[in-house]
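Descriptive structure summary
Given next are the chains, with one letter for each unit.
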There are 2 protein chains.
Amino acid sequence: MFVDPRFLRTFTAVVRLGSFSAAARELGYTQSAVSQHVAVLEADLGAALLHRRPVAPTEAGTRLFEHAGAILLRLDAARADVARAVAEAPGTLVLGATPLSAGTAARVVAAARATRPALAASVRVATRDDVAVAVATGALDGGIVDGAAAPGDPLPLPETGVPVAELAEEPLVLAVAPGHALAGRGGVRLEDVVDARWIDAPDITTPLADLAMLARADGFRPALRYDGLDVSGLLALVAHAQGLALLPARVAAGGVPVVSPPLVHRTELLAVDVRERPDQIPALVASVFPAVAAPPAAAAR
Amino acid sequence: MFVDPRFLRTFTAVVRLGSFSAAARELGYTQSAVSQHVAVLEADLGAALLHRRPVAPTEAGTRLFEHAGAILLRLDAARADVARAVAEAPGTLVLGATPLSAGTAARVVAAARATRPALAASVRVATRDDVAVAVATGALDGGIVDGAAAPGDPLPLPETGVPVAELAEEPLVLAVAPGHALAGRGGVRLEDVVDARWIDAPDITTPLADLAMLARADGFRPALRYDGLDVSGLLALVAHAQGLALLPARVAAGGVPVVSPPLVHRTELLAVDVRERPDQIPALVASVFPAVAAPPAAAAR
DNA sequence: CTACCTTACGAAGGACGTAATTATT
DNA sequence: AATAATTACGTCCTTCGTAAGGTAG
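Small disclaimer: the values here were computed from a predicted structure and weren't measured.

Rules of the game
- Residues numbered from 1 in each chain as written.
- Chains lettered and ligands numbered in written order.
- Predicted model: local features only at pLDDT ≥ 70, side-chain atom pairs only at ≥ 80, totals over all residues.
- Heavy atoms only, no water.
- Helix = DSSP H or I, 4+ residues; strand = E, 2+ residues; numbered from the N terminus.
- Buried < 20%, exposed > 50% of the residue type's maximum accessible area, 1.4 Å probe, protein only.
- Contact = heavy atoms within 4.5 Å.
- Salt bridge = Lys/Arg side-chain N within 4 Å of Asp/Glu carboxyl O.
- Least-squares fit on C-alpha atoms with pLDDT ≥ 70 in both.
- Near = heavy atom within 4 Å.
- Polar contact = N/O pair within 3.5 Å; in protein donor to acceptor, adjacent residues only side chain to side chain.
- Nonpolar A, V, L, I, M, F, W, Y, C, P; charged D, E, K, R; others polar.
- pLDDT = per-residue confidence, 0-100.

1. Some words on the overall build of chain A
- When helices and strands are tallied, chain A shows 10 helices and 12 strands.
- Reported as C-alpha extents along the three principal axes, the dimensions of chain A are approximately 65 × 50 × 30 Å.
- Looking at the 301 residues of chain A, the share that counts as buried comes to 50%.
- Nonlocal contacts in chain A, meaning residues at least 24 apart in sequence, comprise 74% of its contacts between residues at least 6 apart.

Spelled out as structure tokens, the structure:
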């Protein structure tokens, strides 16, 4: 026997929807087929994967679910990568970008047009993981993503095999309202502001839950949650003293530099082309981040 | 249609062996079946994957091959993880370790025995990737791996989803023979010793090809290749002036500290238990690396 | 009783082996 | 000519849907 990815897909749908019948509807199977898929998986792996009534993953099912997503994603990425290998270079460039990288993406497009003036290009803004997945599965030609990280550390991204190149590491600052007690300070330690009023804007900046990991501290309770991809809205909330947010210095004028733990705002380029032309990265960085020193070479992930 | 992992396995065997018939022999199929597998893959993906006579992957085939290994490994890891979830805690502990981490693994066993004196434990030495794969597929209960890395960077490992915890970062030194021109120096820059006589010991220390990436320099031509997992043999070669090697300061007494680029010798723990008990890592580190500061929390990879 | 999952069974499709065919060295 | 991959075809196995059977709330 072997683990059939179709069954894995069914299994993930059942876990996600909490129902065999709903999964069947979503995937275009009968209820019976879904039941058979799960039964085959359980027999093959020799473990109960799901509790029934209500439907929820067992311990073993949770383990399988964690792997299944990565496997299915990689399968899609493989198909997309092969398709790209046989397709001739398209006449259009569709770039994805996280909200704070939209400007960078625009400059990348400008750099690309410097060599191909007639290039039809577009930029789509989405969350970091969405950009990474879309690049891996071929929905996007490339992407620019960013986020907080320890200096030199790559950003945590879904494992897709897409080559990643560092574009820049910039200072990370705590954005505060004018007149805030911290405003004008030379630097803050994140440990000291764990209990401040934070704005959780998970689609734009580092989710507070992840920040706790990076800062190695508990706390970071959200005083306000901001859903959406619009940066100016977040900046307005900060300016009107609704809470704090971590942002790159470039965006948050007057922010307070984070001095501890050592964290930077990192920007990365995701694109298959990176693999073939790592030598072009420094030139790209020079044109897009004039003020930033030359970054290291590309590395597959 | 969907990409059947059995076909992927066949495809990787054909690429690896450079022959349909050899792949058939290895997998217990007929040549005909192998031919059909490849034909189905090519039809499904809409791309020629292999050149015939001689058999070699096309551009698209190379892309697929890179993904296929990761997918098949992850499939095995998923099966192993489910098996571990249903099995009760075994009475034995089988640890893997890279050559330079064998001593560390021994101390981890000692630490484990401190809480369970009757524990039957063993340590197996293998290469870094072999240890990672064996832990992922359930052949080992855990592993200790090490290697050169930029400070704070995780070691590059096969993507298996096994949780990784940092155990230590130590100074990295250039091991030289007594009386060597560099001996006694306060520090060396790797850029300055690119053209030295290097010993390539890929199973023990960083392969020279990878070192070129880390040091961002070309060169590092091997004057001597050392295959095998025995550290003392490598040390003897260095001591007898057969060439240079990069090693942790702890092992290479009298080595010259590497000052540029900033590199450290990093040691990591691979084990599923890390996920459940990240809080125990600091205590483990304290008992195994008394001289090293507390490391960060575990992170899944 | 009813919503939902499981089991039984038959039909359609897919995978594999044998054997004949084609192509390359 | 010999070695090696492909194609043709028959058999067996797997998968899916229909429909009947359980089972928990």
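Resuming the write-up.
2. Concerning the pattern of salt bridges
- This structure, assessed with the given rule, holds 30 salt bridges over all chains.
- Each member of the salt-bridge network shares a partner with another, and the members are A:Glu166, A:Glu169, A:Arg266 and A:Glu268.

3. Describing the relation of the copies chain A and chain B
- You can overlay chain A on chain B at an RMSD of 0.2 Å; the transform is a turn of 180° with a shift of 0.0 Å along its axis. A rotation of that kind, with that shift, is consistent with a two-fold axis.
- By residue overlap, the copies meet face to face through one surface: 100% of the interface positions of chain A are interface positions in chain B.

4. Some words on the protein's contact with DNA strand C
- Not every one of the 19 residues close to DNA strand C is listed here, only the nearest: A:Ser21, A:Ser35, A:Arg52, A:Arg53 and B:His37.
- Looking at DNA strand C alone, sugar and phosphate atoms form 60% of those within 4 Å of the protein.
- A distance of 3.4 Å separates a base oxygen of DNA strand C from a polar atom in the side chain of B:Gln36.
- Between DNA strand C and B:His37, the relevant distance is 2.3 Å, taken from a phosphate oxygen to a side-chain nitrogen or oxygen of the residue.
- Among the elements of the structure, α2 (20-27) and α3 (31-45) of chain A together with α3 (31-45) of chain B are those that each provide at least two residues to the surface near DNA strand C.
- Of the residues that constitute the surface near DNA strand C, the class distribution is 5 nonpolar, 11 polar and 3 charged.

5. Section: the confidence of the model for chain A
Residues and elements named next belong to chain A.
- Across chain A, the average pLDDT comes to 87, with 94% of residues at or above 70.
- Mean pLDDT values over the elements of chain A span from 71, in helix α10 (residues 280-288), up to 97, in helix α1 (residues 5-17).
- Here residues 292-301 scores under 50 on pLDDT; set against residues more than four positions off or in separate chains, the count is 24 contacts.

6. Some points on the interface of chain A and chain B
- In this assembly, 40 residues from chain A lie in contact with 40 residues from chain B.
- Counting the contacts that link chain A with chain B gives 4 salt bridges.
- The tally of links between chain A and chain B comes to 8 residue pairs in polar contact (both at pLDDT 80 or more).
- Every element with two or more residues in the side of chain A that touches chain B is listed here: α1, α3, α4 (59-86) and α9 (273-276) of chain A.
- Among the elements that take part in the side of chain A that touches chain B, α4(A) stands out by supplying 17 residues, more than any other.
- Grouping the constituent residues of the side of chain A that touches chain B by class yields 21 nonpolar, 4 polar and 15 charged.

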